[in-house]
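# Observations on the model geometry
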Amino acid sequence: MELKYQKEISTIENCPIENLSGEKILFRCVEESMTENSFLPNAVLLKPKFEKECLAWGLSLFSSYDSAKQVLQNLSKSKKVNYSKIARTNLTDNDGIKHCSKNKSHYTFYPQKNLDLLTKFVIVEENGK
Amino acid sequence: MENNNIHLDINQFEKIEDIIYLDEPILSHLKYNGKDFLLYLVDTKELYDYFLLIEIDEATIFEYLTNQISLFNLIKENKNFQYLIKQDFQGNTLNIQVTQGIYIDENYLPDVDSFLEYFPTDKSYYYEFINSYKANSYTLSLREHAFYLKFSSTSSKYADTIGLNELTNELLVNLSDSFENFLKADFFQRFKKIKPNTNKLQKIFKKLLPDLDFRMVDLKFGSFEVGLAIDHIMKSSIEDNDIKDWSIEVGNKYKKLVLDDDYDEATVEEIISNYDEEERRKIFTPIFAITENPNFNLEVKESKKSNYSIVKIRDKKVIEKIIPTKIEVLKTEKKDFEIVQFTTVLDKNLSSKTIKLENTLFNSTNSTDVVLTDKDFEKFGFSLKKEVSISAQISTNKDTVSLSAKFNGEVFEVNDHTGKIEELTKKLISKIHEYILNTE
């Protein structure tokens, strides 16, 4: 399966570190109005210091609405400008590679090259639906 | 670096783990020179990242990861200097400002309710970290409510240190026995009316007993000091509310009644009215064995910071009141003697001198005659230097054996209850010997 940014990812050893199979509902912190920009790995695109960091080429997702909300509450007011809403998705194995690492609530998702992320994610409200 | 005098290279810090990661590290735990720091990405502007570097202790990190303190308060209440670091996107530090929690720009702070519950996988540094802190905080919480006992030796030979043997065999065993007896007595006193089925009550108590034990939460050597606590947390598994309440209180009750430092009148009255004599004997005998032993001191204090006081019962009547002396009737065994006479025929060629007594081979009587000669006197150390032959009579009357003799018209008699003829003979010979010495 070819991933978005496959060329860059391929230059990093053992990246992605693993592939968690199966369907999974996950949540992402996004802007007030969701755009394509909400699904760009902006950190690595802007900051050369992350070029060789595998995780930075993926998108951060969370296992529950509440864990995503906790992250938003822990962002500084300045950083929260780019993250104010929570979007929900149901990912299958065909959508890309996903894995959990040291924090059970945090997943990194490497989307498949042709996946339309804007239709894959839906902004949800307080109850996560 | 821009115009400042602080030189600090974040790259020299060891990264422990990213606590919050959102497309990039937001909050990371770092270590440097044995100290813990949090590096918090507070802003990204044009071509620069702005971080707050906060020195912090591990306990606060644990509190933050377990939803006990917000990141907002962690920053605002931190008394250490904090560093606002400007970094370019290559990772070069351009500027550092020293600041304090109270002066941090509002835009660099998270929400007031910025709590976090971190669920580490077993790959995470925090997996062991949180488990270990939880175990320690459990011990610490117990320690806060612990009372302390100190056993020490009164002998100056070993300062106040206590021997292992004394500690285990004389002190801890007694304390443990007393406590277990107290638990049993108090449990049955409390619940026998509510739950009259004794067998059922026995089963409940047996199941409950391991959870009732004091937890040892602190220790000091030399003189042996131990902090003991009642485990409130584990007792939450007890379903019956009455039993649960009792199990939480019974440890304190034991401390108050049994490890009382002065056994005042009110305490003694409570002891006597609550427990019968047999129960009191089982509870207090092991404790008084310690407190009344001149070789040891048993001291107790309410908490780690209190002062010790010696558990000592000054008025010994108190001990008698709690454990009255048992009046034991001495049973003396009445003996009924008889003299047995028998004649034996032995085969001279046999080496065995064993004589088999059969009922038919001997008969019994209540008196018999013996002759005491000067050889008998010598045998018992009384020298006469002349030959004598004195007729004596051994007789029995129930439990008394008498040996009597007539010599020079004088009657000599000795009595005994043990049946030891040799002793009796010696006594009689002594009397006759004394008479001979006085008259010759």
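Residues numbered from 1 in each chain as written. Chains lettered and ligands numbered in written order. Predicted model: local features only at pLDDT ≥ 70, side-chain atom pairs only at ≥ 80, totals over all residues.

### Let's talk about the sheet that holds strand S3 (residues 35-45) of chain B
Residue and element names in this part refer to chain B. To keep things clear, this is the line we draw: When DSSP finds two or more bridges between two strands, those strands count as paired. Secondary structure elements follow DSSP: runs of H or I of four or more residues count as helices, runs of E of two or more count as strands, with numbering from the N terminus. Whenever a helix is involved, its axis is fitted only over the stretch in contact; in every case the axis is a line through C-alpha atoms, and angles between N-to-C directions fall within 0 to 180 degrees.
Taken in spatial order, the six strands make up an open sheet running S1-S2-S3-S4-S5-S6, and their pairing is antiparallel. If you trace the sheet from one side to the other, it starts and ends with strand S1 (14-21) and strand S6 (93-99), each paired once. Adjacent strand axes in the sheet meet at a mean angle of 25°, parallel and antiparallel pairs treated alike. When S1 meets strand S2 (residues 25-32), the two strands line up antiparallel, connected through six bridges. Directly across from aspartate 18, in S2, lies its bridge partner serine 28.

### Section: the interface of chain A and chain B
Under the convention used in this document: What counts as a contact here is a pair of residues whose C-beta atoms, placed from the backbone, lie within 7 Å. Following the grouping adopted for this structure description, the nonpolar residues are Ala, Val, Leu, Ile, Met, Phe, Trp, Tyr, Cys and Pro, the charged ones are Asp, Glu, Lys and Arg, and the polar ones are all others, Gly among them.
With 29 residues of chain A at the contact, the number on the chain B side is 31 residues. Those elements that place two or more of their residues in the side of chain A that touches chain B are helix H2 (42-46), strand S2 (59-62) and helix H3 (65-74) of chain A. For the side of chain A that touches chain B, the element with the most residues is H3(A), which contributes four residues. Of the residues belonging to the side of chain A that touches chain B, the class tally is 13 nonpolar, ten polar and six charged.

### Some words on the sheet that holds strand S17 (residues 400-407) of chain B
Residues and elements named next belong to chain B. Strands sit in the order S15-S16-S17-S18 across an open sheet of four strands; the sheet is antiparallel. What marks the edges here is a single partner per strand, and that holds for strand S15 (367-373) and strand S18 (410-416). Across the sheet, the axes of successive neighbouring strands diverge by a mean angle of 25°, strand direction being ignored. Relative to S17, strand S16 (residues 389-397) runs antiparallel, the two being bridged by six bridges. Bridge pairing links serine 395 to serine 402 in S17.

### Details of the confidence of the model for chain B
Residues and elements named next belong to chain B. Our working rule: The pLDDT value tells you how sure the predictor is about a given residue, anywhere from 0 up to 100.
With 89% of its residues at a pLDDT of 70 or more, chain B has an overall mean of 84. At the low end of the mean pLDDT range in chain B sits strand S14 (residues 362-365), at 60; at the high end sits S2, at 97. Across residues 357-361, confidence stays below pLDDT 50; counting only partners more than four residues off in sequence or on other chains, it has two contacts. What the predictor reports for the complex is a pTM of 0.57 with an ipTM of 0.96.

### Some details on the pairing of S6(B)
Residue and element names in this part refer to chain B. In this sheet, S6 lies alongside strand S5 (residues 82-88) in antiparallel orientation, the contact comprising six bridges. Bridge pairing links leucine 84 to glutamine 97 in S6. Between the end of S5 and the start of S6, which pair antiparallel, lie four residues, with glycine 91 showing a positive phi angle near 100°.

### A closer look at the packing of helix H5 (residues 198-212) of chain B against helix H6 (residues 241-257) of chain B
Residue and element names in this part refer to chain B. The line we're drawing: Any angle that is under 35 degrees is reported as roughly parallel, and any over 145 degrees as roughly antiparallel; angles of 65 to 115 degrees are reported as roughly perpendicular and all others as oblique. Note on convention: the crossing is left-handed when the near helix lies turned anticlockwise from the far helix by less than a right angle, right-handed when the turn is clockwise.
At a minimum axis separation of 11 Å, H5 and H6 run at an interaxial angle of 40°. With respect to their mutual orientation, H5 and H6 come out oblique. For the pair H5 and H6, the sense of crossing is right-handed. Along the contact surface, H5 presents Leu208, Asp211 and Leu212, while H6 presents Ile243, Ser247 and Val250. For the contact of H5 with H6, the class distribution of residues is four nonpolar, one polar and one charged.

### Quick notes on the packing of helix H4 (residues 164-191) of chain B against H6(B)
Residues and elements named next belong to chain B. Where H4 contacts H6, the axes come no closer than 11 Å and their chain directions differ by 130°. Considering their axes alone, H4 and H6 lie oblique with respect to each other. The hand of the H4/H6 crossing is right-handed. Contact with H4, carried on its side by Phe179, Phe182, Leu183, Asp186 and Arg190, involves Trp246, Val250, Lys253 and Tyr254 of H6 and no other residues of that element.

### Details of the pairing of S16(B)
All names here are of chain B. Direction of pairing for S15 relative to S16: antiparallel, over a ladder of seven bridges. Bridge pairing links valine 370 to alanine 392 in S16. Hairpin connection of S16 to S17: two residues between the antiparallel strands, including lysine 398 at a positive phi of 55°.

### What to know about the environment of Asp111(B)
Relative to the assigned elements, Asp111(B) resides in the loop between S6 and helix H3 (125-144). Taking the C-alpha atoms as reference points, Asp111(B) and Phe72(B), separated by 39 residues in sequence, lie 6.4 Å from one another.

### Digging into unusual backbone geometry
For the peptide bond that leads from Cys15(A) to Pro16(A), omega is -5°, which places it in the cis range. Along the chain, the position of Pro16(A) falls in the loop between helix H1 (6-10) and strand S1 (24-30). Of note, Asn33(B) is a non-glycine position whose phi angle comes to about 55°, a positive value. Mapped onto the fold, Asn33(B) is located in the loop between S2 and S3.

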